[in-house]
Amino acid sequence: QVRLAESGGGSVQPGGSLRLSCVASGNIRSLNDMGWYRQAPGNERELVASLTRGGVASYADSVKGRFTISGDMAKNTVRLEMTNLKPEDTAVYYCHAEDLGYYGEDMPYWGKGTLVTVSP
């Protein structure tokens, strides 16, 4: 019942910047955390950045210092500010969120993904 809508993907040159946004909607109980994953062709999906309701952010080593995650769980939104983009960042980026279940368990949800392409 929870839907995640991503936006902001596109094509940029190396060293460029891009901002991804995600908005959750539907029958939301209480979002525990939100984040971003990415998957390049032939590779496994990997965590890029995550943000807890308490404001604790985590980043993959490959994006530390270049990407910044921000959001507001109360407003069901999360953003990913990407700077100094590299060709290795090319992938489909997926928004991820965990909602609170009826018995207090975490219920995961995924967006459909938005493509980011970094090339000359």
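Residue positions are given per chain, counted from 1 along the sequence in the order it is written. It should be noted that, the model being predicted, local features are given only for residues of pLDDT at least 70 and side-chain atom pairs only at 80 or more, the latter also being counted only at that level, while totals for whole chains, interfaces and linings use all residues. Heavy atoms from the whole structure form the basis of all side-chain values; hydrogens and water molecules are not counted.

Asks: Outline the pairing of strand E7 (residues 67-72), listing residues and values.
Replies: In the sheet, E7 pairs with strand E8 (residues 77-82) via 6 bridges, with the strands oriented antiparallel. Paired with Ile69 across the two strands is Leu80, which belongs to E8. Between E7 and E8, which follow one another and run antiparallel, lie 4 residues, and Asn76 among them has a positive phi close to 60°. Following DSSP output, two strands are said to pair if at least two bridges run between them. Secondary structure counts use DSSP, requiring at least four H or I residues in a row for a helix and at least two E residues in a row for a strand, with both numbered from the N terminus.

Asks: Before we move on, can you summarise the nonpolar core with the specific residues and values?
Replies: One recurring pattern in soluble globular proteins is that nonpolar side chains are buried together. Met34, Trp36, Leu80, Met82 and Tyr93 are the most contacted members of the largest nonpolar core, which has 30 residues in total. Mapped by element, the contributors of at least two residues to this core are strand E1 (2-7), strand E3 (18-26), strand E4 (31-39), strand E5 (46-52), E7, E8, strand E9 (91-100) and strand E11 (114-118). Here the nonpolar core consists of buried residues drawn from Ala, Val, Leu, Ile, Met, Phe, Trp, Tyr and Cys, with membership extended through side-chain atoms lying within 4.5 Å. Burial here depends on accessible area, computed with a 1.4 Å probe over protein chains only, as a share of the maximum for the residue type. Under 20% is buried, over 50% is exposed, and the range in between is partly exposed.

Asks: With reference to specific residues and values, describe the pattern of salt bridges.
Replies: If the charged atoms of two oppositely charged side chains come close together, the side chains can form a pair. In the sections that follow, a salt bridge refers to a side-chain nitrogen of Lys or Arg positioned within 4 Å of a carboxyl oxygen of Asp or Glu. What the rule picks out here adds up to 5 salt bridges. A salt bridge links Arg19 to Glu81, with the nearest nitrogen and oxygen atoms 2.8 Å apart. Of the two residues, Arg19 is situated in strand E3 and Glu81 in strand E8; the sequence distance between them amounts to 62 residues.

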